[in-house]
Amino acid sequence: MPDVDIALYRKMFLIRAAEKTIRKYYNEDEMKTPMHMSMGEEAVVAGVCQALSPGDQVLGTYRSHALYLARTGETDRFFAEMYGKASGIARGKAGSMHLGAPEAGLLCCSAIVGSSIPVALGAAFAHQYRQSVNRVAVFFGDGAVDEGVFWESLNFACLKKLPILFVCEDNGFAVHTRRAARHGFESLNAVVRDFNCNVYASDSTDARIIHDLTGESLAQMERDRRPVFLRLKYYRYLEHVGINEDFEAGYRSKETYRKWLAKDPVRMGREKLLQAGVASAELERIEQEIEQQITASVRAAKQAKFADASELCKGVFQCA
């Protein structure tokens, strides 16, 4: 079994285990930040990030846990930030929605829909200007394509042939609103294909398929110097914001949920490894290692100190 498949499973299991832990402790009310959970989309983030090079940069949305964990693999600063502690990613001031790790290539995540897209455009332009070999991948939900900034950024990227990968994490909803109620066109892929970019799409929950598709798209970008639009479908298991299910809201059914759950990315990744001959004991070792890491991180976060009051105005723009 190639190392890639084990690396993909590590990423997905870490994301799932971390968010299960958030669900376990969130009702204690020590984590004050709103949570936008990533359960169900693990294959998208793991597959794309594994295909990128260490020097490539990524940007994300308020649903930022998966991207941060896939890119960094660390949980100490992550959980400290969830608990609002001084040892957190942003000394407790960013919360769940504004994670970043520039040293690991994660430039930023933003709570404003579509707002990270033009920032990614600037980063890609900088790479091109400096004649760097690195690329930029910006993740956003399908609701962001309803924003004018997406189309403006796509147009500029195509015009200037920027090294950027537009990753649309498509769950079919903008919060609770279905695609049919938002789009005055039939096919998003068809519309984007009218731009001078390469379009790839998949509805697979197999992280390896997404990894390979991303690699193919990056190779094509290298050949023809055209940006990429990568549309990947997934199903968000939990409510838009929060740690619970929301089927009583009426905008989606349990039947659809069960269909997607039957091809859960984390379970599928594990089964594939077993079928390929990886010993169950080896997978259990990996899982235990990750769970112990998370347990230690939560313990440290709970015991850590809050930032001093003087921290409040540091690192933020202030008018005189």
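What counts as what
Residues numbered from 1 in each chain as written. Predicted model: local features only at pLDDT ≥ 70, side-chain atom pairs only at ≥ 80, totals over all residues. Heavy atoms only, no water. Axes fitted to C-alpha atoms, helices over the stretch in contact; angles between N-to-C directions. Helix = DSSP H or I, 4+ residues; strand = E, 2+ residues; numbered from the N terminus. Parallel < 35°, antiparallel > 145°, perpendicular 65-115°, else oblique. Left-handed = near helix turned anticlockwise from the far one by under 90°. Contact = heavy atoms within 4.5 Å. Nonpolar A, V, L, I, M, F, W, Y, C, P; charged D, E, K, R; others polar. Polar contact = N/O pair within 3.5 Å; in protein donor to acceptor, adjacent residues only side chain to side chain. Pairing = 2+ DSSP bridges.

Participant: Would you mind showing me how to read the packing of helix α1 (residues 3-25) against helix α11 (residues 280-303) here?
Facilitator: Angle between the axes and distance between the axes are the two parameters that describe a pair of packed helices. The geometry of α1 relative to α11 is characterised by a closest axis approach of 10 Å and an angle of 40° between their N-to-C directions. On the basis of their axis angle, the class for α1 and α11 is oblique. The chirality of how α1 crosses α11 is right-handed. Taking contact as the criterion, the partners of I6, Y9, R10, F13, L14, A17, A18, T21 and Y25 in α1 are, on α11, L283, R285, I286, E287, E289, I290, E291, Q293, I294, V298 and K302. Residues belonging to the contact of α1 with α11 are distributed by class as follows: 12 nonpolar, two polar and six charged.

Participant: Just checking my understanding: could you explain the side chain of S204 for this structure?
Facilitator: With respect to the element layout, S204 can be found in the loop between β7 (198-202) and α8 (207-224). There is a polar contact of 2.9 Å between the side chain of S204 and the backbone nitrogen of D206. When sequence neighbours within four positions are dropped, the list of residues in contact with S204 reads I209, I210 and K233.

Participant: Can you walk me through the sheet that holds strand β3 (residues 136-141) in this structure?
Facilitator: Backbone hydrogen bonds hold the strands of a sheet together, and the pairing may be parallel or antiparallel. The strand order across the open sheet built from six strands is β2-β1-β3-β4-β8-β7, with neighbouring strands paired in parallel fashion. Two strands bound the open sheet, and with one partner strand each, they are β2 (106-109) and β7. With direction set aside, neighbouring strand axes in the sheet form an average angle of 15°. Here helix α6 (residues 148-160) sits on the sheet and contacts β3, β4 (164-170) and β8 (228-233); the angle it forms with β4, its principal contact strand, is near 150°.

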